[in-house]
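Survey of secondary and tertiary structure
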Amino acid sequence: MEKTEVINFFETVLGKERVVTNEEVLQEFATDITGLRMVQKHFGWKSENLASCILKIHTKEEAVEVMKFINENKIVSIPRTGGSGVCLGLETPSHSVVIDLSEMNEIIEINEDNFTITAQAGVPLQVLEETLNKKGYTSGHFPQSLPLAQMGGLVATRSIGQFSTLYGGIEDLLVGIEGVLPTGELVYIKNNPRKSTGPDLRHIWLGSEGAFGVITEVTVKIFKLPEERVMQAFAIEEFQTGLDIIKEIVQAGWKPAVTRLHDKTEAKESYGPFIKEDEGVLLFISEGPQGFASLEGNAVKTVCLKHKARELGSKPLELWLAHRNDICDHLDMYAKQGAVADTCEISAMWSDIGKIYNEVIARVAKEVPYLVAVTGHSSHSYVQGTNIYFMFGAMCAPSIEAAEKTYNQIFGIIMETTLKYNGSIAHHHGVGRYRSKWMKQELGSSYEMLKKLKKAFDPNGIMNQGVLIPVE
Amino acid sequence: MKIISCIKQVYDLDKVLENDWVVDETSKNIDISYANLIMNPYDETALELMLRMTDSSKELISEVVTIGNQKSEAILRKALAIGVNYATRINVKEQDTTTPFNIASLLHHQITSDNDIQLVLCGRQSDILNHGQTGQILAQKLGWSCFTNVFNIKYENNYFHISRLLNDGIEHIKTKEKAVITITQSPNMFLRMATLMNTMKAKQKPIKLIDLNETAKVKKNSLEEYKLDKLTIEKSNKECIFLTNDKEISLQLNELINNYLNKEAI
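Residues numbered from 1 in each chain as written. Chains lettered and ligands numbered in written order. Predicted model: local features only at pLDDT ≥ 70, side-chain atom pairs only at ≥ 80, totals over all residues.

Brief notes about the interface of chain A and chain B
Counting residues at the interface gives 18 residues for chain A and twelve residues for chain B. Of all the secondary-structure elements, those providing two or more residues to the side of chain A that touches chain B are helix 13 (315–323), strand 17 (371–378) and strand 18 (385–395) of chain A. The element contributing the most residues to the side of chain A that touches chain B is helix 13 of chain A, with five residues. In the side of chain A that touches chain B, the residues fall into eleven nonpolar, four polar and three charged. (Contact = placed C-beta atoms within 7 Å. Helix = DSSP H or I, 4+ residues; strand = E, 2+ residues; numbered from the N terminus. Nonpolar A, V, L, I, M, F, W, Y, C, P; charged D, E, K, R; others polar.)

Structure (structure tokens):
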């Protein structure tokens, strides 16, 4: 089908003003906020693969009609809400269509009996949270992208928030969901506290990254705003000591909402005046009903002191709370300085995570010629293990190719080392297009399950092609 | 030929929490001690401009100078790590650096001891105290030209090409003369980053230490002393008045301005 015919159809369904073909806007929507593209844009990168158009969807019925047409005509489509992806998951192939649900942004219902909130895919998380706060509730979901992200994308990327050790990740928060399959059917999974009715179909949507359809509406849990909060920071001499402390705390059954361990480089950058040379920092926030936070806080303190951690009071936490999302206002700061900079989060079992951290830090420092810094912190912990969030920056020759080479080198070291120790290549940023080349190693024999699911749901291969499963 | 960039270590005031902007009971202090120490942002721009000039010409040598105690050597190490040739710290008692006149006097002593210095760069102002006078006082003491509010400098064909931001436009100047230049922030001009390797190497590089307390080269009576009386925090006072009726807007505006000026005069 000719491009003009395709656009004419969409304009008939949505109206001319909601089918965007302006090249500048298409260029803006051609990618997401992955660090690689930030620095490449600084060196002159522009996408050569623009979408044909961006469709501004307002209703589920429009989404159904559009998806049916797209599937029949085998047009590659990219679902998108907040655009805050960091793995090239939103990069547009040529002649694709962006299904933009960011204007589908109504909060449908807050149910104070069942403690749920239902929102359309385009509701910004910040708006959802502020709405809940006014009524004395919270979503418990605080990713760093909170100022930018929207509900559909948060579910699609299997996101997680900074208070996850208590409230859980999005997979723990999702109650019900509605979406449109690649073949055009509108499907709804009803709200329920728990059920045993076959595999949990919500998990097809959780982490789908647009490869299994378009999410139109979500229902997530809500929580009462905590009555009590206890914040405490500690200094430690060794990163492994910090991991041991966290492991002991969570395995004892405690769940401090914020459980963070920053290595010495990050600690110096953010908490320099509080610590001695070469110390790392542990941050804990306990919160809940009256009495709960004090009880948990005392237990956390006991464990920390047992391991000879040094008390730093609550001021570091106050600073962290105030400035934790500042980066959202300066996403291209390092790119403007000509640095290839990004983050990469992985996870592993307790027996392996320390080895991954040590080996990555050592290898990157040794092998990357113009490294500026490589750091790591743990921010989401479980009884079985934790994540490490690596942050890196390196200078490179001022060219698109040099930036890619440097980026690939650093990322490659992190991925290889993680897989070597049976860790997972992505903890919460998703796979996108960038990490899909490691998915076969990541999933091993279960990769076949993913391929079969993809084929079953998207027989024409039109949904966000290249994400999760690389294009062969 | 040498270019000197004067750099200052300041507290990162962006990190100070809103609730902590409270004057203590002595009315002389606000606790900002928990904020990180960083290089004054205007000085960062000056440093980057100096390095771009030395990148473009082998005949130019770069030096940074700071005034302070040993803690302030951190910004000198950062400067050395990004490619500055030499670093100097003038070690003084803290009270000697409270005024722009004192700072300029200390810098004057350092600069006049080196005939190779052609250009002195300073940030337009510092994030602490914000006097914005040091560069101009220094130029007057040196008897050199002074260019303020500069956002770009290049060295080409033995001339310094200077661009200044004015209220009504941009001024371009070409000079060979010795000069003190105060630098304002420039959009998209960021201080380059130091690699890990260069940061490690910089730890071993020498920093020249000048202790004016011992040498007493600066005459005692040339140092002024400011005594801090008290600190207060002015409450933010904002008001918005909507002017309606297009035909009478200019009259309404005139009346508002006159009322404001009369109130100020009282």
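Notes on unusual backbone geometry
Residue and element names in this part refer to chain A. Positive phi, close to 65°, is recorded for H95, a residue that is not glycine. As for its placement among the helices and strands, H95 is situated in the loop between strand 3 (77–80) and strand 4 (97–100). With phi around 60°, N422 is a residue other than glycine that occupies positive phi space. Secondary-structure assignment places N422 in the loop between helix 16 (400–420) and helix 17 (439–443).

Side note on the sheet that holds strand 3 of chain A
Residue and element names in this part refer to chain A. Spatially, 1-2-4-3 is the arrangement adopted by the four strands of the open sheet, whose pairing is mixed. Single-partner strands in this sheet number two, and they are strand 1 (19–20) and strand 3. As paired elements, strand 2 (residues 53–56) and strand 4 share four bridges and run parallel to each other. Across the sheet, the residue bridging to C53 is V97, located in strand 4. Docked against the sheet, helix 1 (residues 3–14) engages strand 1 and strand 2, running at close to 15° with respect to strand 2. (Pairing = 2+ DSSP bridges. Axes fitted to C-alpha atoms, helices over the stretch in contact; angles between N-to-C directions.)

Considerations on the sheet that holds strand 11 (residues 208–211) of chain B
All names here are of chain B. Spatially, the nine strands line up as an open sheet ordered 9-8-7-10-6-1-4-5-11, and their pairing is mixed. Edge positions in the sheet fall to strand 9 (169–175) and strand 11, since each has one partner strand and no second. Here the average twist between neighbouring strands, direction ignored, is 35°. The strands touched by helix 2 (residues 73–81) within the sheet are strand 4 (61–67) and strand 5 (86–91), with strand 5 carrying the most contacts at an inclination of about 170°. Helix 3 (residues 100–112) contacts strand 1 (2–6), strand 4, strand 5, strand 6 (117–123) and strand 11 of the sheet and is inclined by roughly 145° relative to strand 4.

A closer look at the nonpolar core
Most often, soluble globular proteins have nonpolar side chains that are buried together. Within the largest apolar cluster, 182 residues are counted, with the highest numbers of intra-cluster contacts made by L282 of chain A together with L121 and I181 of chain B. Aside from chain neighbours lying at most four places away, what touches I181 of chain B is L119, V120, L121, F147, V150, I153 and I162 of chain B. (Core = buried A, V, L, I, M, F, W, Y, C linked by C-beta atoms within 7 Å. Buried ≥ 20, exposed ≤ 12 C-beta atoms within 10 Å, placed from the backbone.)

Here we look at the pairing of strand 16 (residues 339–349) of chain A
Residue and element names in this part refer to chain A. Judged by how many residues are buried, strand 16 sits mostly within the fold: nine of eleven residues are covered. Pairing between strand 16 and strand 18: eleven bridges, direction antiparallel. Its bridge partner lying in strand 18, T343 is registered against M391.

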